[in-house]
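# Observations on chain architecture
Here is how the chains run, residue by residue.
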Amino acid sequence: MNTMKNKIHHQYWTEQNHQDLKLAGSSLKDMLAVALDVVSRMPPHIHLVSGPITTGGMGTIQENLIVFRQTIEHLHEQEDLNIFSQIPFEVGMIEYHKQWSLNKSQFDYCWPILHEFYGPLFATKRFSVFHFIHGYEKSIGACWEHEQCDVHGISRRYLSYEFSFSLLSQHTLPQAPS
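All of the points below concern the structure found in this document.

Here is what the cut-offs are and how they apply
- Residues numbered from 1 in each chain as written.
- Predicted model: local features only at pLDDT ≥ 70, side-chain atom pairs only at ≥ 80, totals over all residues.
- Heavy atoms only, no water.
- Pairing = 2+ DSSP bridges.
- Helix = DSSP H or I, 4+ residues; strand = E, 2+ residues; numbered from the N terminus.
- 1 Å grid on protein atoms, 1.4 Å probe; cavity = no way out; pocket = protein on both sides within 12 Å on 5 of 7 lines; lining within 4 Å.
- Points joined across faces, edges and corners; volume = space filled by probe spheres on them.
- Nonpolar A, V, L, I, M, F, W, Y, C, P; charged D, E, K, R; others polar.
- Phe/Tyr/Trp six-rings, centres within 6.5 Å; stacked < 30°, edge-to-face > 60°.
- Buried < 20%, exposed > 50% of the residue type's maximum accessible area, 1.4 Å probe, protein only.
- Expected span 1.5 Å × (residues − 1).
- Arc of directions from axis to C-beta.
- Contact = heavy atoms within 4.5 Å.

### With respect to the pairing of strand β4 (residues 155–158)
Judged from the four bridges that link them, strand β3 (residues 127–132) and β4 form a sheet pairing that is parallel. Note on β4: the bridge partner recorded for V129 is S155.

### Observations regarding the layout of surface pockets
Here the largest pocket is characterised by a volume of approximately 820 Å³. Considering the residues around the largest pocket, the lining is formed by 32 residues, among which I53, T54, H97, Y109 and I113 are closest to the centre. Every element with two or more residues in the lining of the largest pocket is listed here: β1 (46–50), α4 (61–77), α5 (90–101), α6 (111–122) and α7 (140–152). Examining the composition of the lining of the largest pocket, we find that five residues originate from one element, α5, more than from any other. Grouping the constituent residues of the lining of the largest pocket by class yields 16 nonpolar, eleven polar and five charged.

### A look at the packing of aromatic side chains
Per the counting criterion, the structure on display carries 16 aromatic pairs. Considering the side-chain rings of F117 and Y118, the 4.8 Å spacing of their centres and the 85° angle between planes classify their relative orientation as edge-to-face. On the basis of relative accessible area, F117 is assigned to the buried category, the value being 0%. Note on Y118: relative accessible area 7%, which makes it buried. On the basis of an interplanar angle of 75° and a centroid distance of 5.8 Å, the ring pair of F122 and F127 is categorised as edge-to-face. Per residue, the accessibility class of F122 equals that of F127, and both read buried.

### Details of α5
The end-to-end C-alpha separation of α5 is 16 Å, in line with the 16 Å expected for twelve residues at 1.5 Å each. Buried within α5 we find E90, G92, M93, Y96 and W100. All buried residues of α5 lie within an arc of 160° about the axis, which places them on one face of the element. If you follow the buried residues of α5, they end up packed against α3 (28–41), α4 and α6.

Right, dumping it as structure tokens:
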């Protein structure tokens, strides 16, 4: 991974934040504490990327995560925006979801991630603009984040399919063995 691009996702992080996130594991409360500490050091008018990961978007989780990551990097590098990256929290979120889903039906949605992590984060009133990746409308989580813009007075920006496709086309996906 490009070290410079990786720094974008850890800007404003301290060594203690990295250690605390590792110790947090899949605890939403502990991951939130790290996120709040990082956000407290960021300049005002924080931007956030929102979009589909498990459904919609480019069609696969892998492609959606690539677009998500590259959207954050593009907005930071090309538009010089003050972006809060959720990427460092993905490992803990995925593990939380695995544990949560053990005794749930496939039709249940993992609301605790939104209500216990993202809700308190957005309530800080530090976020000024959410950038919605094309296809967000098919994502329960991104639709909830869209609603939170009204709740917390956050502006919205909608990114086109062409924007996502151009980011994805710049990335080389691993090829399946023949």
